[in-house]
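Geometric and topological summary
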Amino acid sequence: MPAEPIMELRGVDKYFGNLAAVNQITLAFEEGEFFTLVGPSGSGKTTLLRMLAGMDKPTRGDILLRGERINDRPANWRPTCMVFQSLALFPHMTVGQNVEYPLKCRGTSPSERKKRASRCLELSHLPISYYDRPVTTCSGGERQRVALARALAFDPEILFFDEPLSAIDYRLRKTLEKEIKDIQRETKKTFVYITHSLEEAMVMSDRIGVMRDGGLAQIGSPHEIYSNPVNRFVSEFMGEVNSIAVKRHEGGELWCESLGATITPPSVLDESFSQGTLMIRPENMHLVNPGEARSTNVFSGELFNEYVLGSRIQFQIRCNSDTFLVERLREAGMPKSGDQISFGWSPEDSMLFPE
Amino acid sequence: MDSRKLTTRVWSSLSSGLLCSAPLFVLLGLGFFGPLALVILYSVQPRGSFSPFGTPTLENYRDIIEQAFYLSFGWSLLLAIISTTILLIICYPLALALKRYSGAMADILTLLVVAPLFVAENIRLQGWVLFFDKGGFLDGGLNHLFGFGPGSLVNNVPSIVFGMVYVYLPFMLFPILLGLSNVPADVREAALDLGANKWRIFRDIEIPLAMPGILIGSLLCFVISLGAFSEAKFLGKGVIVTIAQDIESAFTFGQNWPRGSALAVLLIILAGTAVFFAMRKIDLNKVLGTR
């Protein structure tokens, strides 16, 4: 029997007037996992998180902490803690006072407070010399660490993150992403993180929940969600993808109107399938050398753009009215803009979504 | 060559700043420092003198100490402290409530607070006298309806305090509102989330962050109520004498300008001390959001 989930949501709704910001969410967080809720702006992530942290109450449904219903328990009575998008540091306090605050609320002795706060600063990679600095003199990245240390000092059972890295430059964000993941591994606490950045979700999470219009579109490991998206929305949200409109064709094949060609589907077509979208990730596309024998799903077109992505390169190929992206490792003898080239994909690498 | 360029640049940046603040300097010079210097000069002239250029003497200050003027100073100080305290207690929750409204409702509430300022203070106070006096609106109305009334509610110290609180309310309310806008909602939520109860949030987060606004409001109210005049005159009707009334009568009835000036200098010193101590605690740039 699997262990009891640390936190569980059962049919949770949140309405603002007539608008359902969160709609029928049922979800369970396992003890010690790093769970990321990812979705575009306005998909209800923050609303959901605020209910989990106790800042808002659900309109309907239940929130359970280790099996106990906590809907009406206010934030200061929950063993959870949140790192805010704005960080919400106390601007009139020093770094040390900020980190000590949750311990002070609990009545911990000053010497013990200082000891534990120092330990938390260390965990979040902030030098102890920052202890007596006013928090307003810290840089963006340092404030990030103060906020993290303050949440850790609370010693929560679950730590929530509301897009804390969204205002930070790329390089520092990459570093902090990994540090947050390391801290999670070290403390073995349950982390629930929300972001609109797919990359952030992929780097850190054990499981990802993709949100759309207040509901959960898919829950799974980063790998599952990336390679087996349940629908077109998830597939497009999880990264760049080539999509082609297709129809059922005789002999179990697909027909693509714009290419004027038959395409082999990823698997045997369902009885009910009549039309839909076929999606192939750019890195699953390959270039076909002249003379190479390939029978299915091979097309040719004009290469009209190349984007260098560090170790990889992306080709934009125009084929009739469609444009395809093909991503390969960079190597010698690659085609140039203006070349006529052939490209294709293995049927099993494509994903078919009926409409 | 280079140093000349630098000098020009310093001059041009300096002169643009000077140019922009010139009207203020002129106004302050003519309207504040000039009269202030004159008052100080008059305060050291012999009794009853009308020239500011006589032989300097401290006899006016000696008179003030010998003639029990400390009573008026005491009343003014006491009234200022009491009304400032009451204003703090009234305005803080009021500001919190006002902050919750936005849009049309906030505009209406703000207008309700500001509207009395459109009518001259004396007229408003006389209105209250008519309302509270024996046979006035309240007493007369109740007598007419029920056959008994509270009689006169004016001519006493509480009615003076009431008048001061009523007149100076906006001067406390708006600075506090400004101060409360320095308390972000998420910072309050963060404190709650970290385990702080309402009292702790109030004490540790809200008050310290709103403190500049609270101090400015208190300072404004304290200083203007220290110089309060009409409230004691109209609502108090002479039950006590404030220092501002003493100054007025020295200049008019008493025709003793030097004594009036000496009293004014002492009042300015009293108010100036309060301003000095409060301003040391306030970062104006932070309150007004310029930094």
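Report on the accompanying structure. Residue positions are counted from 1 within each chain, in the order its sequence is given. Lettering of chains starts at A and numbering of ligands starts at 1, both following the order in which they are written. For a predicted model such as this one, the threshold for reporting local features is a pLDDT of at least 70, and the threshold for listing and counting side-chain atom pairs is 80 or more; totals across whole chains, interfaces and linings nevertheless cover every residue. Note that the side-chain values use all heavy atoms of the structure and ignore hydrogens as well as water.

A separate point is the side chain of K45 of chain A. All names here are of chain A. By the secondary structure assignment, K45 is in helix α1 (residues 45-53). Any pair of nitrogen or oxygen atoms within 3.5 Å is treated as a polar contact; in protein, a donor-acceptor pairing is required on top of that, and neighbouring residues in sequence qualify only through side-chain atoms on both sides. At a separation of 3.2 Å, a polar atom in the side chain of K45 contacts the main-chain carbonyl oxygen of P40. Two residues qualify as a contact provided that any one of their heavy atoms is within 4.5 Å of a heavy atom in the partner residue. For K45, the contacting residues outside a window of four places in its chain are L37, V38, G39, P40, E163, I194, T195, H196 and M211. Every helix listed is a DSSP run of H or I at least four residues long, and every strand listed is a run of E at least two residues long, numbered separately from the N terminus.

What follows deals with the interface of chain B and chain A. Contacts between the two partners involve 16 residues from chain B, matched on the other side by 22 residues from chain A. Accessible area that two parts lose when put together, with a 1.4 Å probe and added across both, is what the buried area reports. Contact between chain B and chain A buries roughly 1700 Å² in total, counting both sides, with carbon and sulfur atoms accounting for 63%. Looking only at chain B, the three residues that lose the most surface to chain A are E189, D193 and L194 of chain B, adding up to 40% of its buried area. Salt-bridge detection follows one rule: a side-chain nitrogen of Lys or Arg within 4 Å of a carboxyl oxygen of Asp or Glu. On the surface where chain B and chain A come into contact, there are one salt bridge. Two residues, R50 of chain A and E189 of chain B, come together in a salt bridge whose shortest N-O distance is 2.6 Å. For the interface between chain B and chain A, the tally reads eight residue pairs in polar contact (both at pLDDT 80 or more). Mapped by element, the contributors of at least two residues to the side of chain B that touches chain A are α8 (185-193) and α9 (198-226) of chain B. Side-chain classes are defined by residue name, with Ala, Val, Leu, Ile, Met, Phe, Trp, Tyr, Cys and Pro counting as nonpolar, Asp, Glu, Lys and Arg as charged, and the others, Gly among them, as polar. Classifying every residue of the side of chain B that touches chain A by side-chain character gives nine nonpolar, two polar and five charged.

This part is about α1 of chain A. Residue and element names in this part refer to chain A. The buried count for α1 comes to eight of nine residues, which makes it a mostly enclosed element. Only protein chains enter the area calculation, which uses a 1.4 Å probe; residues under 20% of their type maximum are buried, those over 50% are exposed, and those in between are partly exposed. For α1, every residue scored as buried is listed here: K45, T47, L48, L49, R50, M51, L52 and A53. Two residues or fewer past α1, G54 is found with a positive phi of approximately 95°.

The next thing to look at is the layout of surface pockets. Residue and element names in this part refer to chain B. By volume, the second largest pocket is sized at about 330 Å³. Put simply, the parts of the chain that give the lining of the second largest pocket at least two residues each are α3 (70-100), α8 and α9. Element by element, the count of residues in the lining of the second largest pocket is highest for α9, at four residues. For the lining of the second largest pocket, a count of residues per class yields four nonpolar, two polar and five charged. Only protein atoms enter the 1 Å grid, on which a cavity is a set of points fitting a 1.4 Å probe that cannot get out and a pocket is an open set with protein on both sides within 12 Å along at least 5 of 7 lines, lining residues being those with an atom within 4 Å of a point. Grid points are joined across faces, edges and corners, and a volume is the space filled by probe spheres set on the points.

Moving on, we get to the pattern of salt bridges. Applying the stated criterion across every chain, the model contains 33 salt bridges over all chains. As a salt-bridge pair, E112 of chain A and R116 of chain A come within 3.7 Å of each other at their nearest N and O atoms. Here the residue E112 of chain A and the residue R116 of chain A both occupy positions in helix α3 (residues 110-123), the gap between them amounting to four residues, near one helical turn. The shortest N-O distance in the salt bridge between R47 of chain B and D63 of chain B comes to 2.6 Å. Remark: D63 of chain B occurs in helix α2 (residues 59-66) and R47 of chain B occurs in the loop between α1 (2-43) and α2; sequence separation between them is 16 residues. Exposure remark for R47 of chain B: the relative accessible area of 45% places this residue in the partly exposed category. Overall, the relative accessible area of 5% leaves D63 of chain B in the buried class. What you see here is one network of salt bridges that share partners, running through K57, D62, R69 and D72 of chain A.

This part takes up the sheet that holds strand β20 (residues 351-354) of chain A. Each strand in a sheet pairs with another by means of backbone hydrogen bonds, the pair being arranged parallel or else antiparallel. All names here are of chain A. Pairing within the open sheet is antiparallel, and its five strands lie in the order β13-β12-β11-β14-β20. Here the strands that pair on one side only, and so sit at the sheet edges, are β13 (261-263) and β20. Direction aside, the axes of adjacent strands within the sheet are offset by 40° on average. When DSSP finds two or more bridges between two strands, those strands count as paired. Alignment of strand β11 (residues 242-249) against strand β14 (residues 275-280), held across six bridges, turns out to be antiparallel. If you follow V246 over to β14, its bridge partner there is G276. The angle between two axes is taken between their N-to-C directions and runs from 0 to 180 degrees, where each axis is a line fitted to C-alpha atoms and a helix contributes only its stretch in contact.

It is worth spelling out the sheet that holds strand β2 (residues 19-29) of chain A at this point. All names here are of chain A. What the four strands build is an open sheet, ordered β2-β1-β4-β5; its pairing is antiparallel. Two strands bound the open sheet, and with one partner strand each, they are β2 and β5 (68-69). Pairing geometry for strand β4 (residues 60-65) and β5, over two bridges, is antiparallel. Considered in β5, the bridge of L64 is made with R69. Across the face of the sheet, α1 comes into contact with β1 (7-16), β2 and β4 while running at roughly 120° to β1.

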